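These are the residues of each chain, in order.
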Amino acid sequence: MDQNNYYHMNNIQPQQPIPPQQPHKNGGILLGMMLGIAATLLVGGFVLVGVKFYEAVDSRKAAENKSTAAMDSIVSEETEKKLSAIEDVIEEYYYQDADIDVDAMTEGMYHGMVDALGDPYSVYYTEEEWEDLMRDTEGIYYGIGAYLMIDQATGLGKISGVIENTPAQEAGLRENDLLYLVDGESTAGMELSEIVSRVKGEQGTKVHLTIYREGESDYLEVDVERRKIESPTVKYEILKNNIGYIQITEFDDVTTDQFTEALAVVKGAHAKGLIIDLRGNPGGSLNVVVDIARQILPKGLIVYTEDKYGEREEYNCDGRRQLDMPLVVLVNGNSASASEILAGAVKDYKVGTLVGTTTFGKGIVQRILPLTDGTALKLTISAYYTPNGNNIHGVGIEPDVICEFDSDAYYDDDVDNQLDKAVEILLGE
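These lines cover the structure that appears in this document, whether it is placed above or below. On a predicted model such as this, the values are computed, not experimentally measured, just so you know.

Observations regarding the environment of G394
Mapping G394 onto the fold places it in the loop between β18 (376-385) and β19 (401-402). Here G394 falls in the exposed class, since its relative accessible area comes to 64%. For the pair G394 and G363, spaced 31 residues apart in sequence, the C-alpha separation works out to 7.6 Å.

Here we look at the sheet that holds strand β16 (residues 353-356)
Strands in a sheet are paired, the pairing made by backbone hydrogen bonds, and the direction either parallel or antiparallel. Reading across the sheet, the 6 strands line up as β10-β11-β12-β15-β16-β19 and stay open at both edges, with mixed pairing between neighbours. Each end of this open sheet is capped by a strand with a single partner; those strands are β10 (234-239) and β19. In the sheet, β10 pairs with strand β11 (residues 243-248) via 6 bridges, with the strands oriented antiparallel. Across the sheet, L239 pairs through a bridge with I243, a residue of β11.

Let's talk about the packing of helix α10 (residues 286-293) against helix α11 (residues 338-349)
At their nearest, the axes of α10 and α11 sit 9 Å apart, and the two run at 25 degrees to each other. Classified by the angle between their axes, α10 and α11 sit roughly parallel to one another. α11 is crossed by α10, and the crossing has right-handed handedness. Here L286, V289, I292 and A293 of α10 lie close against α11, whose contacting residues are A338, I341 and L342. Taken together, the residues of the contact of α10 with α11 break down into 7 nonpolar, no polar and no charged.

Let's talk about the packing of aromatic side chains
Counting across every chain of the model gives 7 aromatic pairs. Considering the side-chain rings of Y180 and Y219, the 4.7 Å spacing of their centres and the 10 degrees angle between planes classify their relative orientation as stacked. Here the residue Y180 occupies a position in strand β5 (residues 178-182), and Y219 occupies one in the loop between β7 (206-212) and β8 (220-225), the gap between them amounting to 39 residues. Judged by relative accessible area, Y219 falls into the partly exposed class, the value being 38%. Within the aromatic cluster, the residues linked to one another by ring pairs are Y180, Y212 and Y219. Note that R174 overlies the ring of Y411, its terminal NZ or CZ placed 3.8 Å from the centroid. The residue whose ring lies beneath K362 is Y121, and the NZ or CZ to ring-centre distance is 4.8 Å.

Some words on the packing of helix α9 (residues 255-268) against α10
At a closest axis distance of 9 Å, the pairing of α9 and α10 adopts a crossing angle of 20 degrees. As judged from the angle between their axes, α9 and α10 are roughly parallel. The way α9 lies across α10 gives a crossing that is right-handed. Of α10, the residues touching α9 (which contributes T255, T256 and F259) are V288, D291 and I292.

Basis of the calculations
- Residues numbered from 1 in each chain as written.
- Predicted model: local features only at pLDDT ≥ 70, side-chain atom pairs only at ≥ 80, totals over all residues.
- Heavy atoms only, no water.
- Helix = DSSP H or I, 4+ residues; strand = E, 2+ residues; numbered from the N terminus.
- Buried < 20%, exposed > 50% of the residue type's maximum accessible area, 1.4 Å probe, protein only.
- Pairing = 2+ DSSP bridges.
- Axes fitted to C-alpha atoms, helices over the stretch in contact; angles between N-to-C directions.
- Parallel < 35°, antiparallel > 145°, perpendicular 65-115°, else oblique.
- Left-handed = near helix turned anticlockwise from the far one by under 90°.
- Contact = heavy atoms within 4.5 Å.
- Nonpolar A, V, L, I, M, F, W, Y, C, P; charged D, E, K, R; others polar.
- Phe/Tyr/Trp six-rings, centres within 6.5 Å; stacked < 30°, edge-to-face > 60°.
- Lys NZ or Arg CZ within 6 Å of the ring centre and 35° of its normal.

See the structure below:
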């Protein structure tokens with residue numbers, strides 16, 4: 001995908017890639033590359049996967065001409081000397097010259113620098129990872145058809161949702177399955193992007209997953225064939241008793257138009273009420289969820305963000321298309337980020353009832369910045385707040401009606417007890 005088109009579609013302000021600086025005259029290749037990356041850390045940017053992961057996308061330019069003593073110290077003379085010394089020691093003493101991979105060492109240094117921030121949502125992307133991410137935003141990729149996230153309790157990869165009619169569904173994978181091993185390698189401690197890259201692969205190849213599933217006495221061993229996946233983001237239907245149902249699996253570039261079509265069908269059927277299903281939705285574009293919120297909310301603030309300088313950006317609704325029917329929003333522990341923006345606004349304005357379990361709790365915004373060597377950085381740049389000023393990061397949103405999901409009823413008898421509860425509320429039963 002053309003990079004300018006990518007930015008335009010996501011309403012991100014395009015920024016010129018930052019060129020790495022020339023190596024210091026007293027340092028080697030490792031030090032020169034390190035300095036190149038250090039110079040970019042003050043600049044902001046964004047971010048599915050074969051198995052997709054999304055973060056909310058901010059549209060603002062990073063603040064200009066603002067630096068900190070903390071960042072300046074990264075490229076101090078002492079740092080330069082130590083990096084140069086480490087390189088010299090490795091070159092002189094490491095016993096296997098054939099094992100020294102300079103490219104792998106420098107990439108590891110970049111990863112380590114970003115990892116040291118302690119923020120699981122800030123990531124360094126290699127050139128290959130960045131190219132994969134750009135392709136994935138088109139909604140077509142090669143993988144198994146499952147959404148992934150990191151399980152906070154175990155640090156393992158977790159399936160947060162399964163796309164219908166995909167290899168993941170055919171293999172019997174379920175929401176909340178933990179990926180203990182991928183092709184025999186533990187996912188513990190891996191970044192999400194690394195897990196994703198291991199699950200994805202060429203069409204027709206297979207990935208072996210060792211799954212931990214609650215209630216099972218042993219691990220499940222599953223081989224899943226990778227295929228071309230076209231991921232729909234909105235599913236809708238008219239349920240019995242004339243209740244409209246719209247499921248949003250992610251907030252992607254195409255989601256606004258798909259939701260608009262679905263809502264038109266529901267309104268055209270003169271439905272008695274509407275259920276919006278955000279269960280398992282890992283998030284997506286901030287601008288997309290705001291566009292959808294403008295189709296159902298009253299006049300007022302939808303969400304606002306604040307960066308570390310206290311600069312605030314507000315996203316508002318004019319209220320001209322406020323929903324004129326009863327609304328229930330389904331959420332669970334895998335409803336994250338952009339999903340929580342929509343759910344939080346619905347709850348704050350009391351224009352609908354939230355049903356399910358407490359949401360994931362991701363109340364921060366990322367931006368991505370490409371570098372001229374084909375790599376990129378994704379950094380957390382701000383926190384977001386619901387209309388009532390609540391930051392739900394690390395806390396989540398508690399539903400108005402708590403309803404635990406009955407997985408046995410769903411997988412054995414095809415009964416969705418949370419959906420049934422939503423219908424009951426809309427019918428006043």
